[in-house]
Structures are given as C-alpha cells and as structure tokens.
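Given next are the chains, with one letter for each unit.
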Amino acid sequence: MRFSRLALQYCHKNWWYLAIATLVPSVVMGLLTEPCTMIQLFANFNQAKLVTFGDVFFAISELNWKSVVAGIFAVPIFSIFFSIVCGLESKHMRWGILSGEGLSKRINNNFLPVFKLMLVFIFVMELYAVICSLFTFLWVKVARKAVVALGLTITVNVILFIVMLSAMILLSLTLPVMSITGVSLRKAIAESITLLKGKFFRMMFAVVVPMLIPYVIMAVLAAFGFWWRKIINIFLFIYVFSYYITLMYTTYLDIADIDREDLKNKYLKLVEG
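Note that this is a predicted model, so its numbers are computed, not measured.

Within the largest apolar cluster, 51 residues are counted, with the highest numbers of intra-cluster contacts made by Leu 173, Met 203, Leu 247 and Tyr 249. The element contributing the most residues to this core is helix H13 (residues 229–255), with eleven residues. By size, the runner-up hydrophobic cluster in this structure holds 19 residues, among which are Met 38, Phe 57, Ala 149 and Met 164.

Written out as structure tokens, the structure is:
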C-alpha cells in the first residue's frame with residue numbers, strides 16, 4: 001500500500017506536467033495500438049478462423065509490417081518523452097526543484113537507460129505473445145470443442161501473464177537505478193532484484209491494484225469493439241505512463257532510503273521553459 005500511495009500522491013500533486021510530458025506517447029499508443037488483443041481473442045474466439053500458427057500469433061500480438069515500421073519511429077520518440085519525465089522527476093525528488101531548465105541535459109542523461117529498458121520490455125512482450133500463441137494453437141488443434149479450447153487458452157494465458165508480470169516487477173527498479181546511479185543495464189537489473197527481495201508482494205500490489213480500473217475499462221470497450229475506445233484509451237495511457245514511471249522512482253528512493261526533497265516544505269517549485 002505504501003508504494004502505490006507514494007506514487008499516487010506525487011501524480012496527484014504534479015499531474016499537469018506529467019500529463020503534458022506523456023501526452024505524445026499516449027496519443028500514439030491510444031490511436032495506433034490495441035492494448036487488449038487477448039481480451040478480443042477470448043470474446044471472439046473462433047476455432048475455424050485459427051487455422052495456422054500465424055493466425056493465432058497475429059491475433060494476439062498485433063505484429064505486422066505496419067506496426068514494425070511504426071515501432072521503429074515510435075521507440076526513439078517515446079524514449080525522448082519518457083526521458084523528460086524521468087529527468088524532471090529525478091531532479092524534483094532528489095533536489096526539490098521542479099524546473100524545465102536544462103531539459104536537454106536531462107534527456108541526454110536518461111535517453112539510453114529508457115531506450116534499453118523499452119527494448120527489454122518489447123522483447124518480453126513479444127516472447128509472451130509467442131508462448132501464448134504456441135499454447136493457444138495447441139489447444140485449438142487438440143480440443144474438439146471450442147469451449148474446451150477457450151477454457152484451456154484462458155487458463156494457460158493467465159498463468160503465463162502472472163509469470164511475465166512477476167518478471168517485470170522484479171525488473172521494475174532497473175530504470176531509476178540506471179538513471180540515478182549510472183550503472184550498466186546488467187548491474188541495474190541485479191540491483192533491482194536485490195532491492196525488491198522481501199518486498200515483492202508489496203510491489204505487486206502497487207503494480208496491479210491501481211491498474212485494475214483502467215484495464216477493466218479498456219477490456220470492456222475492446223470486447224464490444226466500440227470505435228471511440230481509442231479516444232478514451234489516450235487518457236488512460238496518460239494515467240498509466242505517469243503512474244508507472246512515478247512508481248519506479250518513488251519506490252526506489254523509498255527502498256534505498258534516499259531522502260526526497262520534494263516532500264519537504266522548503267523545496268523550490270519553479271515553472272520554467
């Protein structure tokens with residue numbers, strides 16, 4: 001509860017700059033992606049249309065030449081905007097100054113850590129999609145009844161999602177460790193796992209519970225196929241990006257026992273640039 005409370009408090013107090021900084025990635029994600037492809041697969045499950053492994057994989061992953069081209073441009077752009085958020089939060093929390101001064105320096109300092117972590121995230125997500133597709137394709141072929149195939153698909157995919165989520169939680173402090181201490185990706189991953197020993201379930205609560213309402217909204221809108229869901233998703237992504245980036249930094253500073261200057265009454269709050 002403490003980790004989520006710290007992140008939500010910061011988001012509430014500084015919502016305006018977080019919303020602005022995450023707006024572009026949120027618009028791109030909201031308009032060009034479908035975050036609930038798995039829900040759509042469950043809602044529209046049809047064995048007759050899942051003839052090949054490719055049919056299953058592309059239904060789950062949304063991977064095609066358009067998404068690949070979009071991703072080539074989107075990943076660096078996202079890295080720039082997320083670097084801005086990381087730089088502003090790091091400066092605000094560690095020094096007590098919320099300022100746009102020296103923004104280019106903040107981007108330069110955080111771009112590579114953010115870029116590397118985004119590549120790791122994409123790899124994990126695609127690996128998850130491949131494994132889920134393999135099991136789904138297996139059930140489609142071996143189960144005679146669609147309801148049985150769907151039940152097995154949902155069960156295995158949920159288990160695999162929990163496994164993936166657990167791995168992502170253990171890696172969740174990698175970004176603030178890299179951006180604040182300057183260590184390599186490998187050392188930052190090891191440090192993240194070490195810091196979260198004994199705090200895994202507290203971090204899982206902080207990751208899962210605040211996302212339940214946004215995900216339920218996304219899932220319901222996706223299941224019914226409402227075209228205007230993409231507009232709603234933009235605002236939900238603003239919340240998701242702002243919350244999870246903030247959660248990484250507030251949790252890392254809390255576990256590492258580093259004083260947060262933004263919580264002190266004497267901090268300077270400047271609005272520049």
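From this point, the narrative continues.
On to the packing of aromatic side chains, then. Given two aromatic rings, their pairing is described by the distance between the two centres and the angle made by the two planes. One pass over the full model with this rule turns up 16 aromatic pairs. Relative to Phe 82, the ring of Phe 78 lies with its centre 5.9 Å away and its plane at 70 degrees, an arrangement referred to as edge-to-face. Linking Phe 78 with Phe 82, this pair stays in helix H6 (residues 65–95), spanning four residues, or about one helical turn. Among the aromatic side chains, those forming a connected cluster through ring pairs are Phe 53, Phe 57, Phe 58 and Phe 137.

A word on the pattern of salt bridges. Where charged atoms from two side chains of opposite charge come close, those side chains can pair. For the structure on display, the rule yields two salt bridges. We note a salt bridge from Asp 254 to Arg 2, for which the minimum N-O separation is 2.7 Å. Residue Asp 254 is located in helix H13, and its partner Arg 2 is located in helix H1 (residues 2–13); the two are separated by 252 residues in the primary sequence. Given the relative accessible area of 38%, Arg 2 is considered partly exposed.

The next point concerns the packing of helix H7 (residues 103–142) against helix H8 (residues 146–170). Closest axis-to-axis distance for the H7/H8 pair is 9 Å, and the angle between their directions is 160 degrees. Taken together, H7 and H8 sit at an angle that is classed as roughly antiparallel. As H7 runs across H8, the sense of the crossing is right-handed. Seen from H7, the contacting residues are Phe 121, Val 124, Met 125, Tyr 128, Ile 131, Cys 132, Phe 135, Thr 136, Trp 139 and Val 140; seen from H8, they are Ala 149, Leu 152, Thr 153, Val 156, Asn 157, Leu 160, Phe 161, Met 164 and Met 168.

Among the eight residues that make up helix H9 (residues 174–181), seven are buried, leaving the element largely enclosed by the rest of the structure. What H9 keeps buried is the set Thr 174, Leu 175, Pro 176, Val 177, Met 178, Ser 179 and Ile 180. In this structure, the buried residues of H9 make contact with H6, H7, helix H10 (185–195) and H13.

Residues apart from glycine generally show negative phi values, whereas peptide bonds are mostly found in trans. The backbone of Asp 257 shows a phi angle near 60 degrees, a positive value even though the residue is not glycine. Mapped onto the secondary structure, Asp 257 falls in the loop between H13 and strand S2 (268–269). Residue classification places Asp 257 among the exposed residues on the basis of a relative accessible area of 66%.

Moving on to the side chain of Asn 157. Secondary-structure assignment places Asn 157 in helix H8. Residues in contact with Asn 157, not counting those within four places in the same chain, are Met 38, Phe 42, Tyr 128, Cys 132 and Thr 136.

Looking now at a nonpolar patch on the surface. Nonpolar side chains collect at one region of the surface, where Ile 213, Val 216, Ile 217, Val 220, Phe 224, Phe 226, Trp 227, Trp 228, Ile 231, Ile 232 and Phe 235 lie side by side and expose about 1,100 Å² of accessible area between them. Counting only elements with at least two residues in the nonpolar patch, the list comes to helix H12 (212–224) and H13. Per-element tally for the nonpolar patch: the top contributor is H12, with five residues.

What counts as what
- Residues numbered from 1 in each chain as written.
- Predicted model: local features only at pLDDT ≥ 70, side-chain atom pairs only at ≥ 80, totals over all residues.
- Heavy atoms only, no water.
- Core = buried A, V, L, I, M, F, W, Y, C linked by side-chain atoms within 4.5 Å.
- Buried < 20%, exposed > 50% of the residue type's maximum accessible area, 1.4 Å probe, protein only.
- Helix = DSSP H or I, 4+ residues; strand = E, 2+ residues; numbered from the N terminus.
- Phe/Tyr/Trp six-rings, centres within 6.5 Å; stacked < 30°, edge-to-face > 60°.
- Salt bridge = Lys/Arg side-chain N within 4 Å of Asp/Glu carboxyl O.
- Axes fitted to C-alpha atoms, helices over the stretch in contact; angles between N-to-C directions.
- Parallel < 35°, antiparallel > 145°, perpendicular 65-115°, else oblique.
- Left-handed = near helix turned anticlockwise from the far one by under 90°.
- Contact = heavy atoms within 4.5 Å.
- Patch = residues over 30% accessible without salt bridge, like charges linked within 9 Å, V, L, I, M, F, W, Y side chains within 5 Å.
- Areas by Shrake-Rupley, 256 points an atom, 1.4 Å probe, with all protein chains shown as cover.

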